[in-house]
Amino acid sequence: MKEKSIIALLGLALGMPAAGQVVKNDSIEGFNAIDFLMQTRYQFPDKPFQKKSWLDNTYLQVGAGLFNPNQRGQLQVRDMQEVHFNVGKNLTPKHGVRVGLIYGTGHERETGTELQSSLAHADYLFNVSSYIGGYNPDRFFEVSTILGLGYQWTNLLGQKKGSLEGHLGAELRIKAGEQAYITLEPIVQINNGKVQDSW
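Procedures and definitions
- Residues numbered from 1 in each chain as written.
- Predicted model: local features only at pLDDT ≥ 70, side-chain atom pairs only at ≥ 80, totals over all residues.
- Heavy atoms only, no water.
- Helix = DSSP H or I, 4+ residues; strand = E, 2+ residues; numbered from the N terminus.
- Contact = heavy atoms within 4.5 Å.
- Polar contact = N/O pair within 3.5 Å; in protein donor to acceptor, adjacent residues only side chain to side chain.

S.K.: Got a minute to help me understand unusual backbone geometry in this structure?
M.R.: Most peptide bonds take the trans form, and the phi angle of most residues other than glycine is negative. The phi dihedral of N57 is positive, around 65 degrees, even though this residue is not glycine. By the secondary structure assignment, N57 is in the loop between α1 (2-14) and β1 (58-68). A positive phi is found at L157, a non-glycine position, where the angle reads about 55 degrees. Tracing the backbone shows L157 in the loop between β5 (141-156) and β6 (159-175).

S.K.: Please clarify how the environment of N155 should be interpreted in this entry.
M.R.: Here N155 is to be found in strand β5. For the pair N155 and S117, spaced 38 residues apart in the sequence, the C-alpha separation amounts to 6.5 Å. Those residues within four positions of N155 in sequence are excluded, and the remaining contacts are E114, L115, Q116 and K160. Of the polar contacts made by the side chain of N155, one reaches the backbone nitrogen of G158; its length is 3.2 Å.

Right under this line is the structure:
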């Protein structure tokens, strides 16, 4: 009986992996899980992205800001005060477009001469927060990138000029209500070969 028990235990031990041994078979040739890491992101279940009407996800933006022109040449202008008006639409949870007008005024440092500036622009916005964390209309804080083109007019002592411009930046958006947001947009503008910073 003792001999049979030893043989049975020996057979059981040979049929089991040694203590601490881990059997792995989780790799597939040619498969890279990193490619699928961001494929399935969280989608807010209670408020899906609305697109029944062309007015859905359309918004208005009204704001004010400061424009700091790049100081080159003889004209030295103080920070310009600007007002903004935009009409935008979120095409998808991640992609949006908008068009807008910006009007600004500033004064030359030495003489106080007024400089007027108007800008008509079109922008593409990419919602980084929705790309990383999924669509959530109740998210308190969101970040989007801005890439746009426009045409700018300036008026100094009756001398009017116009030129194409390009700009890029970010939109930092804070939810202030069910249908209201507060945004801060740092922008870098390229115009006539000069780089200007606008906040």
